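Chain residues, written in single-letter form:
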Amino acid sequence: MYQLTKGLTEKEIKDSGFGDYFVDHTLGVYPASASGVPFTAAYIQSKGDAITDLHEDMAAEQKARTTYDNILRFCDDPDVKDAIRFLREREVVHYQRFGENLRILTDRLDEKNFYAFNPEFDKKCFKNHMKKK
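Residues numbered from 1 in each chain as written. Predicted model: local features only at pLDDT ≥ 70, side-chain atom pairs only at ≥ 80, totals over all residues. Heavy atoms only, no water.

Draft legend 1. Structural detail: helix H4 (residues 50–74). Relative to the 36 Å expected for 25 residues at 1.5 Å per residue, H4 spans 37 Å between its end C-alpha atoms, a close match to the ideal helical length. Of the positions making up H4, those classed as buried are Ala-50, Ile-51, Asp-53, Leu-54, Met-58, Glu-61, Arg-65, Tyr-68, Asp-69 and Leu-72. At its buried positions, H4 is contacted by helix H5 (78–109). (Helix = DSSP H or I, 4+ residues; strand = E, 2+ residues; numbered from the N terminus. Expected span 1.5 Å × (residues − 1). Buried < 20%, exposed > 50% of the residue type's maximum accessible area, 1.4 Å probe, protein only. Contact = heavy atoms within 4.5 Å.)

Draft legend 2. Looking closely at the nonpolar core. With seven residues, the main nonpolar core is built from Ala-50, Ile-51, Leu-54, Met-58, Leu-102, Leu-105 and Leu-109. Secondary-structure elements contributing two or more residues to this core are H4 and H5. Considering every element that reaches this core, the biggest residue donor is H4, with four residues. In this structure, Tyr-68, Cys-75, Val-80 and Ile-84 belong to the second largest nonpolar core, which totals five residues. (Core = buried A, V, L, I, M, F, W, Y, C linked by side-chain atoms within 4.5 Å.)

Draft legend 3. Summary view of the packing of H4 against H5. At a minimum axis distance of 9 Å, the contact between H4 and H5 shows a crossing angle of 160 degrees. The angle between H4 and H5 places the two elements in the roughly antiparallel class. The two elements H4 and H5 cross, and the hand of that crossing is left-handed. Of the residues contributing to the contact of H4 with H5, the split by class is 16 nonpolar, six polar and nine charged. (Axes fitted to C-alpha atoms, helices over the stretch in contact; angles between N-to-C directions. Parallel < 35°, antiparallel > 145°, perpendicular 65-115°, else oblique. Left-handed = near helix turned anticlockwise from the far one by under 90°. Nonpolar A, V, L, I, M, F, W, Y, C, P; charged D, E, K, R; others polar.)

Put into structure tokens, the structure is as follows:
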């Protein structure tokens, strides 16, 4: 944020549509969506179940990738585009790694097609299931 706004005049701030943000936050980073909705911990979706949470993580990575795709459609600054491409690539790699972990987890749980417990919480049940093999 600092690099993009460094040295801006008051006129440039107003003309760029950055005025409202500047009034509230000067040049400080304030996490918010493109529509101005502030970040909240409610966005963090965790159930404590590895399968559910990995699916949520994968969805979050894809949503971030789509956001970066959309930024690239509108951006014409080569330096900003390079940074966004890097971040987009990182989301793709994270998605792949979460997918690999999901496959490993489901392969282990599906050995006897047994999904009647939460392996993150029901440790006793998981241990008993693993002993029966």
